[in-house]
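# Close look at the chain arrangement
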Amino acid sequence: MKKKIAKTLTLLLLLSSAVVYAEPPSHVDTVATATTWVEEAPVKSAPAPKATMPKVTQTETVVPVSGDHQIYVVVNGDVLWKIAQKHNLTLEQLLALNPQLKNPNLLSVGQQIIVKHTAPVAAADPAPAGSVKVYQGLGYTTAFRNGPGSDSEGIPVYSFNIAMAQATFDEEGRILSVYIDGYEVSTPNYDGASMPHFSGWPDKEGYNVTDHDTEKVSGISVNTKESAAAEVAAWQTKRQRGDSYHMNPSNEWYKQMDFFQKFFVGKTVAELEEWFQKNTTATGRPIKASTTKEDELAKLAKLTDAEKAVLADMVSGATMYVRDAHGDFLGAVANAYENRVEVVIPVK
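Residues numbered from 1 in each chain as written. Predicted model: local features only at pLDDT ≥ 70, side-chain atom pairs only at ≥ 80, totals over all residues. Heavy atoms only, no water.

### Describing the environment of Y183
Along the chain, Y183 falls in strand β8 (residues 175-186). Residue classification places Y183 among the buried residues on the basis of a relative accessible area of 0%. (Helix = DSSP H or I, 4+ residues; strand = E, 2+ residues; numbered from the N terminus. Buried < 20%, exposed > 50% of the residue type's maximum accessible area, 1.4 Å probe, protein only.)

Given below as structure tokens:
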């Protein structure tokens with residue numbers, strides 16, 4: 001059942017990649033870390049009404065919070081459409097928040113304008129006697145990659161990664177348990193036999209196919225409904241690929257991820273973000289004590305002896321990335337926290 005759910009999630013995510021990674025120069029032994037985020041265009045506001053007061057440059061705007069509203073106090077020179085723009089609202093949205101404004105062109109200094117509704121924070125209900133309250137979340141991140149490499153005819157390989165995390169948190173946001181996995185799927189011209197492939201949509205133009213034994217292009221894919229369904233049905237996650245992943249024969253992907261999962265327990269997402277910021281290379285690997293790179297030595301110099309010991313223990317069990325073009329697994333854990341729901345578990 002878990003496998004079917006994961007594959008269904010993957011199909012839904014095929015068209016929703018949010019991160020684009022570029023293939024690095026050949027002399028670099030890792031993938032590019034630059035990220036391009038595509039953001040939705042902001043909502044256009046209605047044409048600005050003509051201001052009825054002269055402009056006055058202000059150095060500070062006071063936005064107090066009153067009850068469950070965020071309030072903006074009008075100063076000399078304000079016009080309503082600029083107030084809306086400043087708070088990422090359209091004029092119509094701002095007027096909807098302020099039905100008391102009968103004339104949008106008439107404002108007075110000191111007048112209070114609602115610019116945001118802030119929901120009151122309700123006190124959490126205690127767990128019933130004989131039970132414990134936890135929070136569970138399912139998270140994922142998606143990434144599209146130009147690579148790895150190209151085939152024997154110079155045609156680029158393309159791939160996408162879906163990082164997935166199922167996590168349980170306590171009321172303070174500390175991780176109680178976490179399980180991480182992911183898909184990496186490429187075009188059929190990649191020469192890795194264990195890599196899941198997707199050759200193209202049914203009845204659409206084919207793509208180069210590489211023979212895994214010769215590592216040479218052997219033909220062009222013929223895409224049918226049956227072939228596409230068979231490819232998707234054969235997809236395996238990084239854990240399912242096991243030792244056939246061939247990332248590191250002595251310490252494969254799933255073994256290193258098991259180590260990371262144990263390290264995550266007891267920490268909040270914010271604490272993990274801070275740790276990886278302080279203890280990893282520019283490309284996201286835990287820093288080794290043997291490094292000779294100046295930027296990494298500078299990071300090590302800022303660590304206490306206790307922090308260095310923790311880092312050394314990490315390097316002994318895991319040296320791969322948790323946030324790169326092969327998958328943003330740390331981001332998937334953060335997304336699981338964002339999606340968490342309350343669960344009350346009976347305790348005997």
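So that's the structure; there's more coming.
### Let's talk about the packing of helix α7 (residues 269-279) against helix α9 (residues 305-317)
When two helices pack together, you describe them by how their axes are tilted relative to each other and by the distance separating the axes. Contact geometry for α7 and α9: axes closest at 12 Å, N-to-C directions at 90°. In terms of orientation, α7 lies roughly perpendicular with respect to α9. For the pair α7 and α9, contact is made by W275, K278 and N279 and by E307, V310, L311 and M314, respectively. Considered class by class, the residues forming the contact of α7 with α9 number 4 nonpolar, 1 polar and 2 charged. (Axes fitted to C-alpha atoms, helices over the stretch in contact; angles between N-to-C directions. Parallel < 35°, antiparallel > 145°, perpendicular 65-115°, else oblique. Contact = heavy atoms within 4.5 Å. Nonpolar A, V, L, I, M, F, W, Y, C, P; charged D, E, K, R; others polar.)

### Describing the side chain of T210
On the secondary structure map, T210 appears in strand β9 (residues 208-210). In terms of polar contacts, T210 uses its side chain to reach the backbone carbonyl oxygen of N189, at 2.7 Å. If near-sequence neighbours (up to four positions away) are discounted, T210 is found in contact with D151, P188, N189, Y190, D191, E215, K216, V217 and S218. (Polar contact = N/O pair within 3.5 Å; in protein donor to acceptor, adjacent residues only side chain to side chain.)

### Thoughts on the nonpolar core
Counting residues in hydrophobic clusters, the biggest one holds 32 residues, and the most contacted among them are I180, F260, F264, F276 and V333. Within the residue set of this core, elements represented by two or more residues are β7 (156-169), β8, α6 (253-264), α7, α9 and α10 (329-338). Among the elements that take part in this core, α10 stands out by supplying 6 residues, more than any other. If near-sequence neighbours (up to four positions away) are discounted, I180 is found in contact with M164, A165, R239, W253, M257, Q261, F264, F329 and V333. (Core = buried A, V, L, I, M, F, W, Y, C linked by side-chain atoms within 4.5 Å.)

### A closer look at unusual backbone geometry
Put simply, G147 and P148 share a cis peptide bond, and its omega is 15°. Within the element layout of this structure, P148 appears in strand β6 (residues 131-150). One non-glycine residue with positive phi stands out, namely D203, at about 65°. Along the chain, the position of D203 falls in the loop between β8 and β9.

### A closer look at the environment of A332
For A332, the position within the fold is in helix α10. Judged by relative accessible area, which is 0%, A332 ranks as buried. Placed 191 residues apart in sequence, A332 and T141 show a C-alpha to C-alpha distance of 5.3 Å.

### Digging into the pattern of salt bridges
Taken as a whole, this structure holds 9 salt bridges when the rule is applied. When the shortest N-O distance is used, the salt bridge between R174 and D170 registers 2.9 Å. Judged by its relative accessible area of 35%, R174 falls in the partly exposed class. With its nearest N and O atoms 2.8 Å apart, the salt bridge here joins D328 to R323. (Salt bridge = Lys/Arg side-chain N within 4 Å of Asp/Glu carboxyl O.)

### Notes on the packing of aromatic side chains
Evaluation of the coordinates by the stated rule reveals 12 aromatic pairs. Centroid distance F144 to Y158: 6.0 Å. Interplanar angle 15°. Geometry classified as stacked. Of the two residues, F144 sits in strand β6 while Y158 sits in strand β7, which places them 14 residues apart along the sequence. Here the aromatic rings of F260 and F264 are separated by 6.3 Å at their centres, their planes lie at 35°, and the arrangement is tilted. Highlighted residues: F260 and F264, both in helix α6, separated by 4 residues, approximately one helical turn. Both residues of the pair, F260 and F264, count as buried. Grouping aromatic residues by their ring pairs yields a cluster made of F160, Y183, F198, W201 and W235. Its guanidinium or amino end placed over the ring of Y245, R241 lies 4.4 Å from that ring's centre, counting from NZ or CZ. The ring of F263 has K267 lying over it, and the distance from NZ or CZ to the ring centre is 4.0 Å. (Phe/Tyr/Trp six-rings, centres within 6.5 Å; stacked < 30°, edge-to-face > 60°. Lys NZ or Arg CZ within 6 Å of the ring centre and 35° of its normal.)

Bear in mind that shape data such as this cannot, by itself, settle questions of function.
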